[in-house]
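# Structural overview
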Amino acid sequence: MFKRLVNLSGWLTFAIATIVYYLSAERVGSLWDCGEFVSGAYKLEVVHPPGAPLFLLVGRIFTVFAEMFSSNPESIAFSVNLMSGICTAFAAAFVAWSTIILGKLALKGRDAEPEGAEMYVLAASGLIAGLATAFATSIWFSAVEGEVYAMSTMFTAMVMWAVMKWYNLPDNPTSDRWLVFAVFAAGLSIGVHLLSMLTFPALALFYYYKKFENPTIKGMLISAVLGVALIGIIQMFIIIGIPTLWSKMELLTVNSFGMPINSGLIPTLLIIGAIFYFGLQYAHRTKNHMIELLVVSL
């Protein structure tokens, strides 16, 4: 019963937000970067740095539906605007579910299940939190135009929801799949906007509080610092590091070996694949679940 109420609260939040965003979305293009993103999605062009490839790919799907149902060019802009609304509605639903999890932990802890009136109070709290998110001024502003912030907000809320779900589950290796999913969602969000990476300090804190029975202020601060450091590591070794490695391999294969353009991709993928392969081999050989979790997440 409680699970059904939780699902109902989240999906009701999503439905209400989607209807309101559909009715209030811009019917044509908006000012500032929206025209660039809409046209970039429609023609799969490259937008301004650092780029938003995942946003453009998903936006292209919405423009295909716009052309299927209308011959009016304005519908192309409206379809991308509506995509932002749907993404924000999902963000509101994730906030609703995260709120219910936190409320349940506060009321009953990790192991016990809410009963009676507690179930309805928690479901209502999720609905209120989700709708408060949906109709916050800055959230609503981004939800009705073709910009990256709406989809980025969805990924940020998705990452936090996945971490909440992992935190609420028993501490065993099977539950860690939700932690990997949270990192995966944050990785996907890099193709939209870098905002979701700011959740990593919170992720580190939740990991610390779940894995250590007697948390301290010192441990909390160290965890937060490690979470911030993780942002820098991802920025340096993945977002900047992989293209840098690719460029060096490209210069080596094309300029030194006379191979065709883009040949540098082959050694780049081989190097990255080798790092992950030997990392997993080491984790399995030493039976170190922490290293395995880290390599899979990377």
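For the structure given in this document, a descriptive report is provided here. (Residues numbered from 1 in each chain as written. Predicted model: local features only at pLDDT ≥ 70, side-chain atom pairs only at ≥ 80, totals over all residues. Heavy atoms only, no water.)

## Notes on the pattern of salt bridges
For side chains bearing opposite charge, pairing can occur when the charged atoms are close. Counted only if it meets this: Salt bridges, as used here, are contacts in which a Lys or Arg side-chain nitrogen is within 4 Å of a carboxyl oxygen on Asp or Glu. Helical segments are the DSSP runs of H or I of at least four residues, strand segments are the runs of E of at least two, and each set is numbered from the N terminus. Relative accessibility decides the category of a residue: with a 1.4 Å probe and only protein chains considered, values under 20% of the type maximum give buried, values over 50% give exposed, and everything between is partly exposed.
Applying the stated rule across the entire model yields 2 salt bridges. Across the pair Lys 108 and Glu 118 runs a salt bridge, and its minimum N-O distance is 3.7 Å. Of this pair, Lys 108 sits in helix H4 (residues 74-108) while Glu 118 is found in helix H5 (residues 117-134), placing the two residues 10 residues apart along the sequence. Take Glu 118: its relative accessible area is 26%, and that puts it in the partly exposed class. The salt bridge partner of Lys 211 is Asp 171, with a shortest N-O separation of 2.7 Å.

## Considering the environment of Ser 152
The cut-off we apply is this: Every residue pair with non-hydrogen atoms within 4.5 Å of one another is taken to be in contact.
Along the chain, Ser 152 turns up in helix H7 (residues 148-168). Taking the C-alpha atoms as reference points, Ser 152 and Phe 55, separated by 97 residues in sequence, lie 9.1 Å from one another. Once you skip the residues sitting within four places of it in the chain, Ser 152 turns out to touch Val 192, His 193, Leu 195 and Ser 196.

## Overview of the nonpolar core
Heads up, the condition is: Only buried Ala, Val, Leu, Ile, Met, Phe, Trp, Tyr and Cys residues count toward a nonpolar core, and they belong to the same one when joined by side-chain atoms within 4.5 Å.
If you look at the biggest cluster of nonpolar residues, it comprises 59 residues, and the most contacted ones within it are Phe 55, Met 151 and Met 154. The biggest single contributor to this core is H4, with 14 residues. Aside from chain neighbours lying at most four places away, what touches Phe 55 is Phe 37, Val 80, Met 83, Gly 146, Glu 147, Val 148, Met 151, Gly 191 and Val 192.

## Overview of the packing of helix H1 (residues 2-24) against H4
For clarity, the threshold we go by: Only the contacting stretch of a helix is used when fitting its axis, a line to C-alpha atoms as for every element, and angles between N-to-C directions run 0 to 180 degrees. Roughly parallel covers angles under 35 degrees, roughly antiparallel covers those over 145, roughly perpendicular covers 65 to 115, and oblique covers all other angles. Should the near helix be turned anticlockwise from the far one by less than a right angle, the crossing is termed left-handed; should it be turned clockwise, right-handed. Polarity classes work like this: nonpolar for Ala, Val, Leu, Ile, Met, Phe, Trp, Tyr, Cys and Pro, charged for Asp, Glu, Lys and Arg, and polar for all others, with Gly in that last group.
The contact between H1 and H4 brings their axes to 8 Å, and the two run at 150 degrees. Judged by the angle between their axes, H1 and H4 are roughly antiparallel. Considering the relative orientation of H1 and H4, their crossing is right-handed. When grouped by side-chain class, the residues that make up the contact of H1 with H4 number 17 nonpolar, 7 polar and 1 charged.

## Details of the state of the cysteines
Test applied: What counts as a disulfide here is a pair of cysteine sulfur atoms lying within 2.5 Å.
Under the defined criterion, the tally for this structure stands at 0 disulfides. The thiol of Cys 34 is not disulfide-bonded; the next cysteine sulfur, from Cys 87, is found 14 Å away. The buried category is assigned to Cys 87, whose relative accessible area is 8%.

## Quick notes on unusual backbone geometry
Across the junction of Pro 49 and Pro 50, the peptide omega takes the value 5 degrees, indicating a cis bond. Tracing the chain through its elements places Pro 50 in the loop between helix H2 (34-43) and helix H3 (53-69). Phi angles above zero are rare outside glycine, and Asn 262 is one such case at about 75 degrees. Mapped onto the elements of the fold, Asn 262 is located in the loop between helix H11 (241-256) and helix H12 (265-286). Residues other than glycine seldom take positive phi values, yet Lys 287 does so here, at roughly 55 degrees.

## Things to note about the packing of aromatic side chains
Here is the rule we go by: Between the rings of Phe, Tyr and Trp (Trp by its six-membered ring), a pair exists once the centres lie within 6.5 Å; its type follows the angle of the planes, with under 30 degrees stacked, over 60 edge-to-face, and the other angles tilted. Placement of a charge over a ring requires the Lys NZ or Arg CZ to be within 6 Å of the ring centre, with the centre-to-atom vector within 35 degrees of the ring normal.
Counting across every chain of the model gives 19 aromatic pairs. Measuring from centroid to centroid gives 5.9 Å for Trp 178 and Phe 181, while their planes differ by 80 degrees, and the two rings are edge-to-face. Of the two residues, Trp 178 and Phe 181 are both situated in helix H8 (residues 177-189); the distance of 3 residues between them amounts to about one turn of the helix. A residue is classified by how much of its surface remains accessible, and Trp 178, at 22% relative accessible area, is partly exposed. Of the aromatic side chains, those joined through ring pairs into one cluster are Trp 11, Phe 14, Phe 90, Phe 94, Trp 97, Trp 161, Trp 178 and Phe 181. The cationic tip of Arg 27 hangs over the ring face of Tyr 22; the distance from NZ or CZ to the ring centre is 5.2 Å. Lying over the aromatic face of Tyr 167, Arg 110 brings its terminal NZ or CZ to 4.9 Å of the ring centre.

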